[in-house]
Structures are given as C-alpha cells and as structure tokens.
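Each chain, written out:
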Amino acid sequence: MIGAIIGKRLVRSQYNLLNQRDIQTFMEGVDEDASFSYPGIVSVSGEIKGKKDMEEWFHKYIEHFPKLNIALKNIFVANIFAMGS
C-alpha cells in the first residue's frame, strides 16, 4: 500500500511540473527508453519513443496547447502492494 501512495504522489508531482511548463524537470523522471502513444489526428498525435523525442514532443504539445492545465481526478493502481517494477 505504501508503494501505491508513493506512486500516486509521484504521478501528481509530475503532472504539476507539466502544468508549470517545467519540462526539463519533468524529463528527469523519464527513462531513456520510455515511450507512449497520443491518440487522435492532431499534429501531436502518434507514438513517441525515447527520452529525447519525448522531450521534443512535450515542448511541441505545450506550444500547440498553450493554455493546457491537467487536473487529475483519480489515479488507479493495479497492485496496491507493489513496491517496484
């Protein structure tokens, strides 16, 4: 359960960094081989692979959506007893 609490706090702090437009600090928590997909057919849609490309993507995303403010409502944890990956 402690792992879930710590994980939720980390997620909230990471999204707060994005809301503050602090992409550099946000990226400190991203692995070199991280990847994710953004759905849709807008200019920021697609699959992003690697830390460098992700950082460029977040700069582009903030530029494309300058008034973006992410408000988390819920964070769900699959295994509340997990302490690591």
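Residues numbered from 1 in each chain as written. Predicted model: local features only at pLDDT ≥ 70, side-chain atom pairs only at ≥ 80, totals over all residues. Heavy atoms only, no water.

Draft legend 1. Summary view of the overall build of the protein. On a plain count of helices and strands, the protein comes out with three helices and two strands. Ordered by position from the N terminus, the helices and strands of the protein form the series α-α-β-β-α. With the C-alpha coordinates aligned to their principal axes, the bounding extent of the protein is approximately 40 × 25 × 25 Å. Per-residue burial for the protein yields a buried fraction of 26% across its 85 residues. In the structure as shown, the protein presents an accessible area of about 6,500 Å², 55% of it carried by carbon and sulfur atoms. Of the charged side chains in the protein, 10 are positive and 10 negative; the average position of the first set lies 12 Å away from that of the second. (Helix = DSSP H or I, 4+ residues; strand = E, 2+ residues; numbered from the N terminus. Buried < 20%, exposed > 50% of the residue type's maximum accessible area, 1.4 Å probe, protein only. Areas by Shrake-Rupley, 256 points an atom, 1.4 Å probe, with all protein chains shown as cover. Lys, Arg positive; Asp, Glu negative; His and termini not counted. Charge placed at Lys NZ, Arg CZ, Asp CG, Glu CD.)

Draft legend 2. Spatial organisation of the packing of aromatic side chains. Counted under the stated rule, the structure contains eight aromatic pairs. For the ring pair Tyr38 and Tyr61, a centre distance of 5.3 Å and an interplane angle of 65 degrees mean the geometry is edge-to-face. Here the residue Tyr38 occupies a position in strand 1 (residues 35–38), and Tyr61 occupies one in helix 3 (residues 51–64), the gap between them amounting to 23 residues. Judged by relative accessible area, Tyr61 falls into the buried class, the value being 12%. Put simply, the rings of Phe26, Phe36, Tyr38, Trp57, Phe58, Tyr61 and Phe65 pair up and form one aromatic cluster. (Phe/Tyr/Trp six-rings, centres within 6.5 Å; stacked < 30°, edge-to-face > 60°.)

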